[in-house]
Amino acid sequence: MMLKTRFTEMFGVEHPIAQGGMQWVGTAELVSAVANAGALGFLTALTQPTPEALAKEIARTREMTDKPFGVNLTILPSINPPPYAEYRRAIIESGVGVVETAGYKPQEHIDDLKAHGVKIIHKCTAVRHALSAERMGVDAISIDGFECAGHPGEDDVPGLVLIPAAADRLTVPILASGGFGDGRGLAAALALGADGINMGTRFCATVEAPIHEAFKQAMVANDERATDIIFRTYRNSARVARNAISQEVLRLESEGRPFEEVAHLVKGARGREGLISGDLDHGVWTAGTVQGLIHDVPTVKELVERIVADAEAVIRQRLSRMSVAA
Ligand SMILES: Cc1cc2nc3c(=O)[nH]c(=O)nc-3n(C[C@H](O)[C@H](O)[C@H](O)COP(=O)(O)O)c2cc1C
């Protein structure tokens, strides 16, 4: 038995599971493993220092899989923005078939990608933003509930309400994102009206994720309370794993300090150094509440197969047994 949904049909993948863009983690090693497992993985464009490096990473991924994969383009408000148009050009010229957009004002990217026949999954955190992206012409929406790692937005609506609220309003296929990590979650997402799930944190605790083993074991040890929402006072909330740095950021925010006074603590380079060295308190690192459901570090293939098999078992055994003739 397989789970066939509008998502698997539209993107030509075996399983209704995606691996969302992840800064410093979404490289060829992980993305090719996800593709080979029959799910849809996304390289993270801005993890590569230049558009040329991204083109090389796309080529390197192709050497490791012949299955479909995509690229995430995260559009951040920034004083010195990266050369987004050039990253986009690298994606188009490399012949990648699908892009996950996330962040601010995606219109120009959507227009150009569409004009070149690239499918787009726009990831957002609110129904109103999803509707706006649908009007812009995206092919699918990934909607991140408050549980998620990274940027949950400022509305604090968890997936249990956000996903069906989105399903009520959207016509394009929907990926439920934030807090998913096992087959029960996948079955629940489908029941709520989604066409599949998108996961970040759970894929970090796999053999192929290119981060230090200490982080993977920390995710196994942590429970669902082990996150902090930082940057709320700057209206740019980010859910990260709770550690000495996230606690210090919260302390400074509670004193009303401006971003300039915490910037040195949360620099991307610092986070990356930690992920490589294995020092859990070196910088902030992104992880969600789903840590409470992570109990092992399997290969990506084992994880994807387990999630699909468990979801099928929930649907076929647990739920169907509950449905009795009146
Ligand atoms: C380590 C890490 C880095 C992430 N970086 C990005 C990013 O650069 N761009 C983006 O759109 N989402 C990013 N995300 C969010 C994920 O793509 C995904 O939406 C989120 O993790 C889903 O929630 P979950 O972690 O509960 O599965 C990141 C998540 C993690 C865990």
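Residues numbered from 1 in each chain as written. Predicted model: local features only at pLDDT ≥ 70, side-chain atom pairs only at ≥ 80, totals over all residues.

Enquirer: Report on the overall build of the protein chain, specifying residues and quantitative values.
Expert: When helices and strands are tallied, the protein chain shows 14 helices and ten strands. The C-alpha radius of gyration computed for the protein chain amounts to 19 Å, which stays within 12% of the reference 20 Å derived for 326 residues, consistent with globular compactness. Overall, the protein chain is about 65 × 45 × 35 Å in size when its C-alpha atoms are taken along their principal axes. Classification of the 326 residues of the protein chain by burial places 46% in the buried group. Counting only contacts in the protein chain whose residues sit at least 6 apart along the sequence, the fraction spanning at least 24 positions is 63%. (Helix = DSSP H or I, 4+ residues; strand = E, 2+ residues; numbered from the N terminus. Rg over C-alpha atoms; globule rule 2.2 N^0.38 Å. Buried ≥ 20, exposed ≤ 12 C-beta atoms within 10 Å, placed from the backbone. Contact = placed C-beta atoms within 7 Å.)

Enquirer: Describe in detail the domain arrangement of the protein chain, supporting the description with residues and values.
Expert: Per the domain assignment, the segments making up the protein chain are domain 1 (6–208) and domain 2 (227–286). Between the C-alpha centres of domain 1 and domain 2 the distance comes to 24 Å. Contact with domain 1, which involves eight residues of that partner, is made by eight residues of domain 2. Looking at side-chain class alone, the side of domain 1 that touches domain 2 contains four nonpolar, three polar and one charged residues. (Domains from an automatic or database assignment. Nonpolar A, V, L, I, M, F, W, Y, C, P; charged D, E, K, R; others polar.)

Enquirer: Explain the site of the ligand to me, using residue names and the numbers behind them.
Expert: Lining the immediate environment of the ligand, one finds 29 residues, of which G20, A102, A149, G200 and G288 sit closest. When residues of the shell around the ligand are traced back to their parent elements, those giving at least two are β3 (70–75), β8 (196–199) and α9 (201–204). Here the element with the most residues in the shell around the ligand is α9; it accounts for three residues. Across the shell around the ligand, the residue classes break down as ten nonpolar, 15 polar and four charged. (Near = placed C-beta within 6 Å.)

Enquirer: Let's hear about the packing of helix α8 (residues 183–191) against helix α14 (residues 300–322): which residues, and what values?
Expert: In a packed pair of helices, the relevant descriptors are the angle between the two axes and the axis-to-axis distance. For the pair α8 and α14, interaxial distance at closest approach is 7 Å and the crossing angle is 60 degrees. Considering the angle they form, α8 stands oblique to α14. The handedness of the crossing between α8 and α14 comes out as right-handed. Across the interface between the two elements, G183, R184, L186 and A187 of α8 pack against R306, I307, A309, D310, A311, A313, V314 and I315 of α14. (Axes fitted to C-alpha atoms, helices over the stretch in contact; angles between N-to-C directions. Parallel < 35°, antiparallel > 145°, perpendicular 65-115°, else oblique. Left-handed = near helix turned anticlockwise from the far one by under 90°.)

Enquirer: Explain the packing of helix α2 (residues 28–36) against helix α3 (residues 51–64) to me, using residue names and the numbers behind them.
Expert: Viewed as axis vectors pointing N to C, α2 and α3 meet at an angle of 40 degrees, and their least axial separation amounts to 9 Å. Taken together, the axis directions place α2 and α3 in an arrangement best described as oblique. As for how α2 packs across α3, the hand of that crossing is right-handed. The segment α2 lies against α3, with A28, V31 and S32 engaging E57, R60, T61 and M64. Of the residues that constitute the contact of α2 with α3, the class distribution is three nonpolar, two polar and two charged.

Enquirer: Residue-level account of helix α5 (residues 107–115), with values.
Expert: Along α5, the positions that sit buried rather than exposed are H109, I110 and L113. Buried residues of α5, seen end-on, are gathered within an arc of 100 degrees and therefore sit on one face of the element. In α5, the exposed positions angled more than 90 degrees off the buried face are occupied by E108, D111 and A115. Residues of α5 that are buried sit in contact with β3, α4 (84–93), β4 (98–103), β5 (119–124) and α6 (127–136). (Arc of directions from axis to C-beta.)

Enquirer: Quick one: what's the story with α2, residue by residue and with numbers?
Expert: In terms of residue burial, α2 counts as a mostly covered element, since seven of its nine residues are buried. For α2, the set of buried residues is A28, L30, V31, S32, A33, V34 and A35. G38, located one to two residues past α2, shows a positive phi value of around 90 degrees.

Enquirer: If you had to explain the pairing of strand β7 (residues 174–177) to someone new, which residues and values would you point to?
Expert: On a regular strand, each side chain points to the face opposite its neighbour's, so the side chains alternate between the two faces of the sheet. With burial as the criterion, each face of β7 is covered, one bearing I174 and A176 and the other bearing L175 and S177. With four bridges connecting them, strand β6 (residues 140–144) and β7 associate as parallel partners. Within β7, the position partnered with S142 by the bridge is L175. After leaving β6, the chain enters helix α7 (residues 159–169) and then returns to the sheet as β7, a path that is right-handed. Across three bridges, β7 lies against β8 in parallel orientation. Counterpart to S177 in the pairing with β8 is N198. With respect to chirality, the unit in which β7 leads through α8 into the neighbouring parallel β8 is right-handed. (Pairing = 2+ DSSP bridges. Right-handed = clockwise from strand over helix to strand, strands pointing away.)

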